[in-house]
There are 4 protein chains.
Amino acid sequence: MTYSVAVSGASGYAGGEILRLLAGHPEFEVRTVTAHQNAGQSLISQQPHLRSYAGLTLEPTTPEVLSGHDVVFLALPHGASAAVAAQLDADALIIDCGADHRLESAADWAAFYGGDHAEPWTYGVPELPLAVGTQRGALASTRRIAAPGCNASTVALSLAPGIRAGVIEERDLVSVLAVGPSGAGRSLKADLLASEILGSASPYAVGGVHRHIPEILQSLRAAGAAEPAISFTPVLVPMARGILATSTARIVPGTDAAAVRAAWEAAYAGEPFVQLLPDGEMPRTADVLGANTALLGLAVDEAVGRVVVIAAVDNLVKGTAGAAIQSANIALGLRETLGLPVNGVAP
Amino acid sequence: MTYSVAVSGASGYAGGEILRLLAGHPEFEVRTVTAHQNAGQSLISQQPHLRSYAGLTLEPTTPEVLSGHDVVFLALPHGASAAVAAQLDADALIIDCGADHRLESAADWAAFYGGDHAEPWTYGVPELPLAVGTQRGALASTRRIAAPGCNASTVALSLAPGIRAGVIEERDLVSVLAVGPSGAGRSLKADLLASEILGSASPYAVGGVHRHIPEILQSLRAAGAAEPAISFTPVLVPMARGILATSTARIVPGTDAAAVRAAWEAAYAGEPFVQLLPDGEMPRTADVLGANTALLGLAVDEAVGRVVVIAAVDNLVKGTAGAAIQSANIALGLRETLGLPVNGVAP
Amino acid sequence: MTYSVAVSGASGYAGGEILRLLAGHPEFEVRTVTAHQNAGQSLISQQPHLRSYAGLTLEPTTPEVLSGHDVVFLALPHGASAAVAAQLDADALIIDCGADHRLESAADWAAFYGGDHAEPWTYGVPELPLAVGTQRGALASTRRIAAPGCNASTVALSLAPGIRAGVIEERDLVSVLAVGPSGAGRSLKADLLASEILGSASPYAVGGVHRHIPEILQSLRAAGAAEPAISFTPVLVPMARGILATSTARIVPGTDAAAVRAAWEAAYAGEPFVQLLPDGEMPRTADVLGANTALLGLAVDEAVGRVVVIAAVDNLVKGTAGAAIQSANIALGLRETLGLPVNGVAP
Amino acid sequence: MTYSVAVSGASGYAGGEILRLLAGHPEFEVRTVTAHQNAGQSLISQQPHLRSYAGLTLEPTTPEVLSGHDVVFLALPHGASAAVAAQLDADALIIDCGADHRLESAADWAAFYGGDHAEPWTYGVPELPLAVGTQRGALASTRRIAAPGCNASTVALSLAPGIRAGVIEERDLVSVLAVGPSGAGRSLKADLLASEILGSASPYAVGGVHRHIPEILQSLRAAGAAEPAISFTPVLVPMARGILATSTARIVPGTDAAAVRAAWEAAYAGEPFVQLLPDGEMPRTADVLGANTALLGLAVDEAVGRVVVIAAVDNLVKGTAGAAIQSANIALGLRETLGLPVNGVAP
């Protein structure tokens, strides 16, 4: 059967990427696209790369407009999704690409976002290693999915295998990410201007204040950590898309390098979209551009007793829109890979 | 007085940057420029941005050509400097921008470079905090200077203040760097092609194998560490120049945030070229492009008990050519800041 | 039915792009990939973004290896294709992405390439307006296709409608192109290094010497020009892919602006992959990244009596690999759009 | 003597660049910096690359604050300068970097800008070839200077020599420019966001509507053209700074290639900041980054009877701030090159 789909926030970067991927999805039919400021305009006037949607017009983002679809993707600023979602049909499949429904802890929400804490939904990272099994299981029987934060899922996929296998210590994690500005959305901020970003690398949210930190820790606890702690620093670099996350952890004393690598191999064996590269190879973000693929490279630094895991992800695909569609495929019982490219666009 | 200067390796990136800076130096007069492959060509045919040197021709890099100058800058591949330097006048000031004379430990040289270990020269990072004083002292009375590795000096300047002050632990250091490809020189390698670098972030030398690691540890020992250990990962990003180094260290328990910041403030108070930004501000590489300035930002992440220090440096200036000239100024008893811009070229 | 496919030059940029697109083509099955220097290696060791081809190994590029396939794509340096092609089965469909078989005139070949002139094959730009009809007709009954030069087809598509309709003069054409370095292939040349390209715009082949010029003129003659002349200048800019071609022509006196626009509208009405934007809109290369789409914008400058046509194309897709596959679809009687994305990857 | 200087618009890109250059000027002392929105803030909080100005605070942009200085640079949005300037001391040297005082024709102003036409000031492009002499002459005796539009002066310098010498036709000029986004200032517009610019080339103001067109034509008339006409198209490319202007003109029949080149050689012989490259060489924007240098390359395309002139300029230096300071040097009788770097920052 074909599922009718609505996409809200369709004039933004995440909404646009959902639409780009859905154009190649054989079971989803986009019927409705909505926006806030740009309602009334044609979709391709705002997203001129989406030529296949030439006929669509942006409607206002209201529960009335979004109702009546089998699947609704919400790509709204955080704080906006919960109110809209509350008025949609209980049996519609709703995937929120914002932060509203990601955090289980009201205290975390208060500390990092503020405002009302909405109920947590099923977290949309299918391959995420849990203490037992993966997150895929929970997704199979849900109608409410919280797509992940792009940095958060990238780091969680990088470190959870070692946590689950007990080969890395949980209190001394460090992640530094090179990220493209599209992760910040189409926001009119001076530090996102091309003149500021071109030729420059600039950190932000340094010192433990980034909103993706509690989300990472939540995932690591789900993988078996008792009280994980991570130093997390994102650095904006001059590429439109992409996350290159360098994560390191102290290896549990007595664990040899082969056992460390085996933890990641076991976690992702057979996964189509999360792939561990052979020993000695490291991923580049160009290799996953436009693809729903997370590529991981792993090296053991015996001199310092640490493992270094490097993950390359397209923040808009595997980090957001691809994760959303992959999770939706699972929730609907479809083949998980439908509509999701595995090959990157390179060079 | 005016000092006569020769620059070898003048058709490369480091050699070109030495020349660019020397064009604004009131006491140095460039008499000779040499190259290997391009000997016989005009300098500006190889370095078309150096318009002020229109009259100079590249000569071959031989001891005969380089002899007879007051100051000689060597910007040669590692392994090539030592042989040339051995044949130059003992009282000439020689600054080697290659690695040959940086490492004091023959074992480190063997492990990370291989081949013969040349004698160590005075390390050319004037502001580097030592257990007592700074590296500036040693530079005042030397005729042989080893300009630093760009990544190595950036990380050493980032962490040495905390080591010296005893506020950070020395065994659990982590540095991840976003770096531009010019640090690799004008080498014809496929992974340095523009098509590979544009739009992509790619790590290299992951897992404790980068050649700048022993150099960093040597500097940290000089600052007072007994047996430091660092996890070091560089990531190539699409900007021609620049290093944005994110370094973290565990804070010694019981040290409060103010004491941590005070260690860096004390180390660099009054320094013209190494500046700690106010609390809450972080540096960008664009702010130091073309300048001999290292900008540092510092944040304490109390939740994880770590300090994060972020340093922005132009790899070709403060990382190499500027450090070389600043060190030469000191060795000759000139004003240390001569010929060295402090303002970056931004945006 | 499914066609068996071989791709030679599979470790290069054009070959890689053919493979990326074929991964989404329902009727083509890639059986063989070949390379020269990298024969014996796994394909994904050379093209790590092509995850779906994990099992394939690069074989040597020989007629024996390439024989026995229904379709053979040649992505070889010019001069190499003709010799290989001559030994392949007469009824195999062969698409050459090199220049060998593009030019009808031996004199042009001698003047711009040199060496032996191979026989011209059917030119692979289906939408190209001819004096009567389009190039699509000739492609329907051929077994030998010459995929176009990326710059050449972009400019030809930009200007041919006006030539055919008789609304522009043919002797005073000017095209200036902003192009990404991937068009030059994976060549180890100093001026293609990232350090040289990042932050810089640089022209090349200025003054009428670029090899795509005779190819453009050939297309314009096919559209009806008697003796066309074009000033053609490409400028390398810091983006991995993309061509933004600005072409201008003098409007035939007495032709009003509506008649000018009508010429282009008529030429591309109903075309899925060549689209004229509405009056007042101009294309960006980001909008066609990874897509087989050429977007055209058109403005009439009445003060100077000229039309300006701006075309955005992905040099590796619509400029090369996509054109090759689209042409192959036509030659085999398949639906022309099979396997070819129309939506770009943006931002 | 030392001249006291005020810079208004000091938190913008042009204002910042004036300050960066003035830091190296031996005769100018910056006493006052002003801004509109950011008044009250420290200068380096807005321009963190200008470390040498650590003590300065932004004051409001009012005639009172700007009065009493020997030299006042205005870097304000067009329309704002004229009102401020009218209230400043008659004998102060005022250089306006905005458009208000550039155009001599009220009709041109009305057509391209609208609003009140201010009186034209002396145009600040010293090397501009006039029918007799250069613009330098007029600058020597003025107290009111209109710094040029960056694109306008780049194109005028490219074409005026040929006009003056009578070797090119004036009615069929075409210029296409690859430009960096800093030319648009620090404006919060969606199409100037890094995510939109990175990896993309995008034209704007196509079809004869760009505001620099009348300014170009005014300069060409000053060089001797009776009724010049130019097709002018700028294309935004992903580099923060730089203009690479490709201009072509039809060669007057019967003029040989040597005579064409001789026109440009004669125009710029001995000029320190406008240099014609030798035959066969072409400029890159990287070669002039941060420098007050315009590099020109010239090729004659005999097949089409056109000359192609390519100019590389840093829009913020030779295009704006450097031109302003160079003109001020002349007006004050100082050495013209004071404070102005000729070497670019490359790679």
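Bear in mind the structure is a predicted one, so any value in this text is a computation, not a measurement. Residue numbering note: each chain is counted from 1, following its sequence as written. As they are written, the chains are lettered A onward and the ligands numbered 1 onward, keeping that order. Local features are withheld for residues below a pLDDT of 70 in this predicted model, meaning they are given only at 70 or higher, and side-chain atom pairs are given and counted only at 80 or more; totals for whole chains, interfaces and linings count all residues. For side-chain calculations, the full set of non-hydrogen atoms in the structure is used, while hydrogens and water are omitted.

Thoughts on the relation of the copies chain B and chain A
Line of reasoning, step 1. Laying chain B over chain A is done by rotating through 180 degrees and shifting 0.0 Å along the axis; what remains is an RMSD of 0.0 Å. A rotation of that kind, with that shift, is consistent with a two-fold axis.
Line of reasoning, step 2. A symmetric contact is evident, with 100% of the interface residues of chain B recurring at the interface of chain A. Least squares is used to superpose the copies, and the fit set is the C-alpha atoms of residues whose pLDDT is at least 70 in both copies. The contact criterion used is simple: two residues touch if any of their non-hydrogen atoms lie within 4.5 Å.

Quick notes on the relation of the copies chain C and chain B
In this structure, two copies of a chain are linked by a rotation about an axis accompanied by a shift along it.
Line of reasoning, step 1. Each copy of the sequence occupies a distinct position, and chain C is placed on chain B by a rotation of 180 degrees and an axial shift of 0.0 Å, giving an RMSD of 0.0 Å.
Line of reasoning, step 2. By residue overlap, the copies meet face to face through one surface: 100% of the interface positions of chain C are interface positions in chain B.

Details of the domain arrangement of chain A
Residues and elements named next belong to chain A.
Line of reasoning, step 1. Residue ranges labeled as domains rest on an automatic or database domain assignment. Partitioning chain A into domains gives domain 1 (3-148 + 318-331) and domain 2 (151-315).
Line of reasoning, step 2. Between domain 1 and domain 2, the C-alpha centre-to-centre distance is 24 Å.
Line of reasoning, step 3. Counting residues at the interface gives 30 residues for domain 1, matched by 38 residues for domain 2.
Line of reasoning, step 4. Reported buried area values correspond to the accessible surface (1.4 Å probe) lost by two parts on association, with both partners' losses combined. Of the roughly 2,700 Å² buried where domain 1 meets domain 2, counting both sides, 51% is carbon and sulfur surface.
Line of reasoning, step 5. Take a side-chain nitrogen of Lys or Arg and a carboxyl oxygen of Asp or Glu: if they are within 4 Å of each other, that pair is a salt bridge. Scanning the region where domain 1 abuts domain 2 turns up three salt bridges.
Line of reasoning, step 6. Between E271 and R136 there is a salt bridge, and its shortest N-O distance comes to 2.7 Å.

Notes on the sheet that holds strand β10 (residues 230-236) of chain B
Residue and element names in this part refer to chain B.
Line of reasoning, step 1. Any two strands between which DSSP finds at least two bridges are classified as paired. Only DSSP runs of H or I reaching four residues or more are called helices, and only runs of E reaching two or more are called strands; each is numbered from the N terminus. The sheet built from seven strands is open, its strands ordered β9-β10-β8-β11-β14-β13-β12 with mixed pairing. Only two strands of the sheet have a single partner each, and these edge strands are β9 (202-203) and β12 (274-276).
Line of reasoning, step 2. As paired elements, strand β13 (residues 294-301) and strand β14 (residues 306-313) share seven bridges and run antiparallel to each other. Paired with A299 across the two strands is V308, which belongs to β14.
Line of reasoning, step 3. For helices, the axis comes from a line fit to the C-alpha atoms of the stretch in contact; other axes are also lines fit to C-alpha atoms, and the angle between any two N-to-C directions lies between 0 and 180 degrees. Its contacts with the sheet place helix α9 (residues 213-222) against β8 (173-179) and β10, and it is angled at close to 135 degrees to β10.

Describing the UniProt feature "active site" (unreviewed entry) in chain A
Residues and elements named next belong to chain A.
Line of reasoning, step 1. UniProt positions are given in the numbering used here, feature names are shortened, and annotations may be inferred rather than shown by experiment. When the UniProt feature table is mapped onto this chain numbering, "active site" (unreviewed entry) sits at C150.
Line of reasoning, step 2. Within the secondary structure layout, C150 lies in helix α7 (residues 150-165).
Line of reasoning, step 3. Residue classification places C150 among the buried positions, given a relative accessible area of 11%.
Line of reasoning, step 4. Those residues within four positions of C150 in sequence are excluded, and the remaining contacts are H212, I243, N315, G319 and T320. Relative accessibility decides the category of a residue: with a 1.4 Å probe and only protein chains considered, values under 20% of the type maximum give buried, values over 50% give exposed, and everything between is partly exposed.

Notes on the interface of chain C and chain B
Line of reasoning, step 1. On the chain B side, the residues contacting the 18 residues of chain C number 18 residues.
Line of reasoning, step 2. For the pair chain C and chain B, the summed buried surface comes to about 1,500 Å²; carbon and sulfur atoms form 68% of the total.
Line of reasoning, step 3. For the interface between chain C and chain B, the tally reads two salt bridges.
Line of reasoning, step 4. R186(B) is the salt-bridge partner of E196(C), the closest N and O atoms lying 3.5 Å from each other.
Line of reasoning, step 5. Here a polar contact is taken to be a pair of N or O atoms separated by no more than 3.5 Å, where protein atoms must pair a possible hydrogen donor with a possible acceptor and residues adjacent in sequence count only if both atoms sit in side chains. Where chain C meets chain B, there are eight residue pairs in polar contact (both at pLDDT 80 or more).
Line of reasoning, step 6. Among the elements that line the side of chain C that touches chain B, the one with the most residues is helix α8 (residues 194-197) of chain C, at four residues.
Line of reasoning, step 7. The class makeup of the residues in the side of chain C that touches chain B is twelve nonpolar, three polar and three charged. Here the term charged refers only to Asp, Glu, Lys and Arg, the term nonpolar to Ala, Val, Leu, Ile, Met, Phe, Trp, Tyr, Cys and Pro, and the term polar to all other amino acids, Gly among them.

Brief notes about empty space enclosed by the protein
Line of reasoning, step 1. Grid spacing is 1 Å over the protein atoms alone, the probe is 1.4 Å, and a cavity is where that probe fits but cannot get out, while a pocket is an open set with protein on both sides within 12 Å along at least five of seven lines and lining residues have an atom within 4 Å of a point. Grid points are joined across faces, edges and corners, and a volume is the space filled by probe spheres set on the points. The final tally for this structure, using the stated rule, is eight cavities of 30 Å³ or more.
Line of reasoning, step 2. Approximately 780 Å³ is the volume attributed to the largest cavity.
Line of reasoning, step 3. If you go around the largest cavity, you meet 47 residues; those closest to its centre are L198(A), L198(B), L198(C), L198(D) and P238(D).
Line of reasoning, step 4. For the lining of the largest cavity, the per-class residue count stands at 34 nonpolar, six polar and seven charged.

Here's the deal with the pattern of salt bridges
Line of reasoning, step 1. Inspection of every chain in the model, using the stated rule, returns 68 salt bridges over all chains.
Line of reasoning, step 2. Three or more residues are tied together by salt bridges with common partners; here these are E169(A), D172(A), R250(A), R306(A), E169(B), D172(B), R250(B) and R306(B).

Some remarks on unusual backbone geometry
All names here are of chain A.
Line of reasoning, step 1. Following A346, the chain continues to P347 via a peptide bond in cis, the omega torsion being 0 degrees.
Line of reasoning, step 2. Despite not being glycine, A205 has its phi angle at roughly 50 degrees, a positive value.
Line of reasoning, step 3. One can find A205 in the loop between β9 (202-203) and α9 (213-222).

Topic: the packing of helix α7 (residues 150-165) of chain B against helix α11 (residues 317-331) of chain B
Residues and elements named next belong to chain B.
Line of reasoning, step 1. The geometry of α7 relative to α11 is characterised by a closest axis approach of 8 Å and an angle of 100 degrees between their N-to-C directions. Taken together, the axes of α7 and α11 are roughly perpendicular relative to one another. Residue-level inspection shows C150, S153 and L157 of α7 in contact with α11, the latter providing K318, G319 and T320.
Line of reasoning, step 2. Residues of the contact of α7 with α11, tallied by class, amount to two nonpolar, three polar and one charged. Any angle that falls under 35 degrees is termed roughly parallel, while one over 145 is termed roughly antiparallel, one within 65 to 115 roughly perpendicular, and all others oblique.

What to know about the sheet that holds strand β7 (residues 144-146) of chain B
Residues and elements named next belong to chain B.
Line of reasoning, step 1. The sheet built from seven strands is open, its strands ordered β3-β2-β1-β4-β5-β7-β6 with parallel pairing. Among the strands making up the open sheet, the edge pair consists of β3 (58-60) and β6 (122-123).
Line of reasoning, step 2. By the bridge criterion, five bridges tie strand β1 (residues 3-8) to strand β2 (residues 28-35) in an arrangement that is parallel. If you follow S4 over to β2, its bridge partner there is E29.

Points about the UniProt feature "domain: Semialdehyde dehydrogenase NAD-binding" (unreviewed entry) in chain A
Line of reasoning, step 1. According to UniProt, the feature "domain: Semialdehyde dehydrogenase NAD-binding" (unreviewed entry) maps to residues 4-136 of chain A in the numbering used here.
Line of reasoning, step 2. Secondary structure over residues 4-136 of chain A splits into 23% helix and 20% strand, and the C-alpha atoms at its two ends are 23 Å apart.

Observations concerning the packing of aromatic side chains
All names here are of chain B.
Line of reasoning, step 1. Two rings from Phe, Tyr or Trp (for Trp, the six-membered ring) form a pair when their centres sit within 6.5 Å of each other. Planes less than 30 degrees apart are called stacked, planes more than 60 degrees apart edge-to-face, and all others tilted. Inspection of every chain in the model, using the stated rule, returns nine aromatic pairs over all chains.
Line of reasoning, step 2. On the basis of an interplanar angle of 90 degrees and a centroid distance of 6.0 Å, the ring pair of Y3 and F28 is categorised as edge-to-face. Residue Y3 is found in strand β1, and its partner F28 is found in strand β2; the two are separated by 25 residues along the sequence.
Line of reasoning, step 3. In this structure Y3 comes out as buried when scored by relative accessible area, which is 13%.
Line of reasoning, step 4. On the accessibility criterion, F28 (6% relative accessible area) is buried.

Quick look at the environment of V274(B)
Residue and element names in this part refer to chain B.
Line of reasoning, step 1. One can find V274 in strand β12.
Line of reasoning, step 2. Classification of V274 by relative accessible area gives buried; the value is 0%.
Line of reasoning, step 3. Spatially, the C-alpha atoms of V274 and L188 are 33 Å apart, while their sequence positions differ by 86 residues.
Line of reasoning, step 4. The contacts of V274, once residues within four sequence positions are left out, are E127, L157, Y268, A294, L296 and K318.

Some thoughts on the interface of chain B and chain A
Line of reasoning, step 1. Of the residues lining the interface, 39 residues belong to chain B; the matching set on chain A comes to 39 residues.
Line of reasoning, step 2. Contact between chain B and chain A buries roughly 3,300 Å² in total, counting both sides, with carbon and sulfur atoms accounting for 63%.
Line of reasoning, step 3. Across the contact surface, chain B and chain A share six salt bridges.
Line of reasoning, step 4. As a salt-bridge pair, E196(B) and R284(A) come within 2.6 Å of each other at their nearest N and O atoms.
Line of reasoning, step 5. Taken together, chain B and chain A are joined by twelve residue pairs in polar contact (both at pLDDT 80 or more).
Line of reasoning, step 6. If you list the elements that add at least two residues to the side of chain B that touches chain A, you get β8, α8 (194-197), β9, β10, β11 (243-250), β13 and β14 of chain B.
Line of reasoning, step 7. Counted by class, the side of chain B that touches chain A contains 22 nonpolar, eleven polar and six charged residues.

A look at the pairing of β10(B)
All names here are of chain B.
Line of reasoning, step 1. Within β10, seven of the seven residues are buried, which leaves it mostly tucked inside the rest of the structure.
Line of reasoning, step 2. Summarising the sheet, β8 and β10 pair through seven bridges and their orientation is parallel. Counted as the bridge partner of S175 is F232 from β10.
Line of reasoning, step 3. For β9 and β10, the ladder comprises two bridges, and the chain directions are antiparallel. Across the sheet, residue S202 finds its bridge partner in β10, namely L236.

Overview of the side chain of R144(D)
Residues and elements named next belong to chain D.
Line of reasoning, step 1. With respect to the element layout, R144 can be found in strand β7 (residues 144-146).
Line of reasoning, step 2. E119 is the oppositely charged side chain nearest to the buried, salt-bridge-free R144, at an N-O distance of 5.7 Å.
Line of reasoning, step 3. Among the polar contacts listed, one links the side chain of R144 to the backbone oxygen of D89, at a separation of 3.1 Å.
Line of reasoning, step 4. Here the side chain of R144 touches A92 through a polar contact of 2.7 Å, landing on its backbone oxygen.
Line of reasoning, step 5. Beyond its immediate chain neighbours, meaning those up to four positions away, R144 contacts L88, D89, A90, A92, L93, I94, W121 and T122. His residues and chain termini do not enter the charge count, which takes Lys and Arg as positive and Asp and Glu as negative.

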